[in-house]
Amino acid sequence: MSEVESGGRCRVAVVGGGVSGLRAARRLAEAGAEVTVLESSPRLGGQIRTVEVAGVPVDAGAEAMHLGAPGVAELLDALDLREDMVTARPGASWIVTPKGLRRLPAGVGPAGPTRLRPVLRSGVMTVPGLVRAGLEPVLARTAGTTDLSPGHDRSVGEFVGSRFGAQVVDRFVDPLLGSLHAGDVRALSLRATAPSLVPAATTGRSLVRGRRPSPRPKPGVAAAPPMSFVSWSAGLQRVVDALADGLDVATNAPVESVTAAEPGAVHRYHLVVGGPTPRTLDVDGIVLATPGDVAARLLRHLAPAAASPLTQTDRASVATIVLAYPRRVVDALPAFRGTGVLVPSSVGSLLKAATFLTTKWPQLDHPEWYFARLSAGRAGDARLAGLDDDELLARVRRDLRTFIGLDVAPRHVHVQRWPDAMPQLTVGHPDRMTTARAALPAGLTITGSSYDGVGIASCLTAAARAADTLLDQLAELDRSIPSTRPDRTAAQGDTPA
């Protein structure tokens, strides 16, 4: 059916106004589609939320964007966001150990260490733990390869433990990767949450070979983008506003049902939208940029085989507490020379991490206030739900006092709760998502942290890919789209960051 026969441009509904939905909608609109974004809540941005604390914009949800992820730099250029971008200051976090605070060693990331010497000198591990970790290069050669092909997976904790021993998992991977996902690293999928480990796992290569210097780029070949984290003086809401600019967006517009249109209808799908101004919407394509449980509800009758795998992703509730202290009172505290504190789950505290924002971010280097944000909540820990905001604040402040000695009352506080916000991408998650996507009807795609991984960069990359998939499907269905479709290579990546 031609564009004229269908009554105009191809119509697409994007359900969900978080960063994934907005990115997908923008890419579709750039390709010439007529796009409507439907967001059930009163605001856009999903888990990006910038609030004012002591009159200063501070992010109470996602804190930063990874600049080195595929397509992110190009997107920021297209949105004119590069000029006022702020880069996080270099620095190391503290890590809580049985012997007190220790610096996170250089070369240790969420997936474990890539260099052994800094770990040896850090004081984080015991002598037996160090000896066991030092065997990793030998064990990599003798253990063989790990099958991570479709249908096979293992947990991050199990794999890293098999290489370095349990102590590396408990003292490094758990407080870094576990905190990032608010989950149990011995349940989280290696393929879904630590894709950087996949090449070493499948080839039997040592994980510590990253200590070798990277080769210089060949003449005429662009260097890889920097692995830096960025934000803006106005907070990450700046990105949300830029993505939404010019789009047809409806807030307070929950989608109540999605059904296939009657045979012979001009458009393919029929949506019933609730809220203060109920309406119906007929469209040719749909992007579901919602949590998995919401997508499963909408797909229950339309595509039950797709809905079923989506119900198997559990979600953890978390909270972010932003504090402003009088700077003259706390500035000299030794712990604030680092960028934050990471807490292993074995400690048992409600506080799982603290970020010292004024140390980390130039735009929050305020002359009067020192800003910090505390994070609480993990999968399987029900304590958060039983505390009101005052009790939550008292508990995490007590934990912080125990870890860094800070016994000063903050002057300004913002408590942000994120119920059921953190998807748990457990072992087998990639295969479940493959099954779900294969069962989706033509003209419908899914994208978001529930499917492709947490982090803004992952969501942006996956959303662009979902939009391109939908464009391909609509082209096959002969729904004409103008030839202004953007270059797909700018936002594509083999694996979400």
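Residues numbered from 1 in each chain as written. Predicted model: local features only at pLDDT ≥ 70, side-chain atom pairs only at ≥ 80, totals over all residues. Heavy atoms only, no water.

> In this structure, what is going on with empty space enclosed by the protein? I would like to understand it.
Over the atoms rolls a probe the size of a water molecule, and in doing so it shows where empty space is left. For the coordinates displayed, the defined rule picks out 2 cavities of 30 Å³ or more. For the largest cavity, the calculated volume is near 90 Å³. Contributing to the lining of the largest cavity are 13 residues, with V58, D59, S231, Q363 and L364 lying nearest its centre. Every element with two or more residues in the lining of the largest cavity is listed here: β4 (56-59) and β11 (229-232). Looking at the lining of the largest cavity, the element that brings in the most residues is β4, giving 3 residues. Its residues assigned to classes, the lining of the largest cavity shows 6 nonpolar, 4 polar and 3 charged. (1 Å grid on protein atoms, 1.4 Å probe; cavity = no way out; pocket = protein on both sides within 12 Å on 5 of 7 lines; lining within 4 Å. Points joined across faces, edges and corners; volume = space filled by probe spheres on them. Helix = DSSP H or I, 4+ residues; strand = E, 2+ residues; numbered from the N terminus. Nonpolar A, V, L, I, M, F, W, Y, C, P; charged D, E, K, R; others polar.)

> Teacher, can you tell me more about the layout of surface pockets here?
Its volume calculated, the second largest pocket comes out at about 200 Å³. Lining the second largest pocket are 14 residues, and of these R437, T445, I446, A466 and T469 sit closest to its centre. Put simply, the parts of the chain that give the lining of the second largest pocket at least two residues each are β22 (444-446) and α18 (456-476). Examining the composition of the lining of the second largest pocket, we find that 5 residues originate from one element, α18, more than from any other.

> Just to check I follow, could you spell out the sheet that holds strand β17 (residues 315-326) for this structure?
One key point about sheets: their strands pair by backbone hydrogen bonds, in either a parallel or an antiparallel sense. Read from one edge of the open sheet, 7 strands run β8-β7-β18-β19-β20-β17-β21, paired in mixed fashion. Each edge of the open sheet is held by one strand with a lone partner, namely β8 (100-103) and β21 (412-423). When the angles between neighbouring strand axes are averaged without regard to direction, this sheet yields 25°. Judged from the 4 bridges that link them, strand β7 (residues 94-97) and β8 form a sheet pairing that is antiparallel. By the bridge assignment for β8, W94 is matched with R103. The sheet strands contacting helix α7 (residues 166-181) are β7, β18 (340-342), β19 (351-355) and β21, and the helix crosses β7 at an angle near 115°. Against the sheet, helix α15 (residues 389-404) engages β7, β8, β17, β18, β19, β20 (369-376) and β21, with an angle of about 70° to β17. (Pairing = 2+ DSSP bridges. Axes fitted to C-alpha atoms, helices over the stretch in contact; angles between N-to-C directions. Contact = heavy atoms within 4.5 Å.)

> Help me out: how do you make sense of the pattern of salt bridges in this one?
Side chains bearing opposite charge may pair, as long as their charged atoms lie close to each other. Summed over all chains, the structure comprises 15 salt bridges. Its salt-bridge partner being E136, residue R163 comes within 2.7 Å of it at the nearest N-O pair. With a gap of 27 residues between them, R163 in helix α6 (residues 156-164) and E136 in helix α5 (residues 136-143) connect regions that are remote in the sequence. Comparing R163 with E136 shows no difference in burial state: the two are buried. Put simply, R327 and D331 hold a salt bridge, and the shortest N to O gap is 3.1 Å. Connected through shared salt-bridge partners, R89, R327, D331 and D365 make up one network. (Salt bridge = Lys/Arg side-chain N within 4 Å of Asp/Glu carboxyl O. Buried < 20%, exposed > 50% of the residue type's maximum accessible area, 1.4 Å probe, protein only.)

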